[in-house]
Amino acid sequence: MGDDTHISHDISAQDAKGDGPPLGAGGPDAGDQIECSSIPNGESGSAATTRLYKKRWAIVFLFSSYSLSNAYQWIQYGIISNIMMKFYNVDAVAVDWLSMVYMLTYIPFIFPVTWLLDKKGLRVTALLANALNCAGTWIKVASAQPDLFLVTVLGQFASSLAEVFILGMPSRLASVWFGADEVSTACSIGVLGNQLGGVEVGSYPQCG
């Protein structure tokens, strides 16, 4: 009885945070519901049921795509460092910091971001990640003037902050939207986008 109550509370809390698909059978997304997956709950023999929806694959590929777009921005300036140095009249170290900021931002912000993910759920976290990623991109577009290198740094910082949100989401997304036998596949797809972004920008020919 205690286990069933605990499961019920978990599902209610998940719904309240907007993490996963709506559980009401009569909701607007009821037509998308195609199957259920039961996850064993300890030794009690009872199981928590995850309702699966067709759009779960679209969700994970959508996440993977904006993870790719964020990773692409990580070393986008590194492959044209000589052009950046001439255009902004800065040294190589300054250009290198545009990629290093991704690493440094992760260290202090990962803890508050994971707290936010636990408290507010996937929806809020994903919206913030995309907003920061979009803002960082447009700030860097607006900084394409020789005297606006610091604006470029600001835009890169915004993109690096978006990365902190994005890197914490694949496992949570997989566990909320997918069944027990699909979690590993979904998590791998989510991580794949980030890896492809780095490979894509690194595959471009470097300017001499």
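Residues numbered from 1 in each chain as written. Predicted model: local features only at pLDDT ≥ 70, side-chain atom pairs only at ≥ 80, totals over all residues. Heavy atoms only, no water.

Chemist: Residue-level account of the overall build of the protein, with values.
Modeler: From N to C terminus, the protein includes seven helices and two strands. Starting at the N terminus and ending at the C terminus, the protein contains elements arranged as α-β-β-α-α-α-α-α-α. Considering the protein as a whole, with its 208 residues, one finds that 35% of them fall into the buried category. Relative to all contacts within the protein whose residues are 6 or more apart in sequence, the contacts with residues 24 or more apart total 71%. Accessible surface for the protein amounts to roughly 11,300 Å². Of this, 65% is attributable to carbon and sulfur atoms. (Helix = DSSP H or I, 4+ residues; strand = E, 2+ residues; numbered from the N terminus. Buried < 20%, exposed > 50% of the residue type's maximum accessible area, 1.4 Å probe, protein only. Contact = heavy atoms within 4.5 Å. Areas by Shrake-Rupley, 256 points an atom, 1.4 Å probe, with all protein chains shown as cover.)

Chemist: Please give an account of a nonpolar patch on the surface that cites residues and values.
Modeler: A surface patch of nonpolar side chains, amounting to about 670 Å² of accessible area, comprises Trp74, Val93, Trp97, Met100, Met103, Leu104 and Ile107. Within the secondary structure layout, leucine 104 lies in helix α4 (residues 92–142). Given a relative accessible area of 42%, leucine 104 falls into the partly exposed group. (Patch = residues over 30% accessible without salt bridge, like charges linked within 9 Å, V, L, I, M, F, W, Y side chains within 5 Å. Salt bridge = Lys/Arg side-chain N within 4 Å of Asp/Glu carboxyl O.)

Chemist: Would you mind going over unusual backbone geometry in detail, with residue names and values included?
Modeler: Unlike most non-glycine residues, asparagine 89 shows phi in positive territory, near 60°. Structurally, asparagine 89 can be placed in the loop between α3 (81–88) and α4. In this structure asparagine 89 comes out as exposed when scored by relative accessible area, which is 70%.

Chemist: Which residues make up the environment of leucine 68, and what values go with them?
Modeler: Topologically, leucine 68 is positioned in helix α2 (residues 56–72). Placed 125 residues apart in sequence, leucine 68 and glycine 193 show a C-alpha to C-alpha distance of 4.5 Å.

Chemist: So what's going on with the confidence of the model for the protein? Residues and values would help.
Modeler: Counting all residues, the mean pLDDT for the protein is 80, and 71% of those residues have values of 70 or more. Contacts of residues 1–13 to residues separated by more than four positions or lying in other chains number nine contacts, the stretch itself having pLDDT below 50. Below pLDDT 50 for its whole length, residues 22–28 participates in nine contacts with residues either more than four positions away or in separate chains. (pLDDT = per-residue confidence, 0-100.)

Chemist: Give a detailed account of the pattern of salt bridges, specifying residues and quantitative values.
Modeler: The tally for this structure, following the rule as stated, stands at two salt bridges. Two residues, arginine 56 and glutamate 182, come together in a salt bridge whose shortest N-O distance is 2.8 Å. One end of the pair, arginine 56, is in helix α2; the other, glutamate 182, is in the loop between α6 (170–177) and α7 (183–202), with 126 residues separating them in the sequence. Arginine 56 gets classed as buried once you look at its relative accessible area, which sits at 3%. Look at glutamate 182 and you get buried, because its relative accessible area is 13%. Between aspartate 118 and arginine 172 there is a salt bridge, with the nearest N and O atoms lying 3.4 Å from each other. Linking aspartate 118 in helix α4 with arginine 172 in helix α6, this pair joins segments that are 54 residues apart in sequence. Taking the relative accessible area as the measure of exposure, aspartate 118 reaches 47% and is therefore partly exposed. Accessibility expressed as a relative area gives 16% for arginine 172, which makes it buried.

Chemist: For the environment of glutamate 163, give the residues involved together with the corresponding values.
Modeler: In this structure, glutamate 163 sits in helix α5 (residues 149–167). Distance in space between the C-alpha atoms of glutamate 163 and asparagine 130 is 9.5 Å, their sequence separation being 33 residues.

Chemist: An account of the side chain of glutamate 163 is needed here, citing residue identities and associated values.
Modeler: No salt bridge forms around the buried glutamate 163; measuring N to O, its nearest opposite-charge neighbour lysine 140 is 11 Å away. When residues no more than four places from it in sequence are discounted, the contact partners of glutamate 163 are Asn70 and Tyr102. (Lys, Arg positive; Asp, Glu negative; His and termini not counted.)

Chemist: Break down the packing of α4 against α5 for me, with residues and values.
Modeler: Each packed pair of helices is defined by two parameters, the angle between the axes and the distance between the axes. The contact between α4 and α5 brings their axes to 6 Å, and the two run at 40°. Across the contact of α4 with α5, the residue classes break down as 25 nonpolar, 10 polar and two charged. (Axes fitted to C-alpha atoms, helices over the stretch in contact; angles between N-to-C directions. Nonpolar A, V, L, I, M, F, W, Y, C, P; charged D, E, K, R; others polar.)

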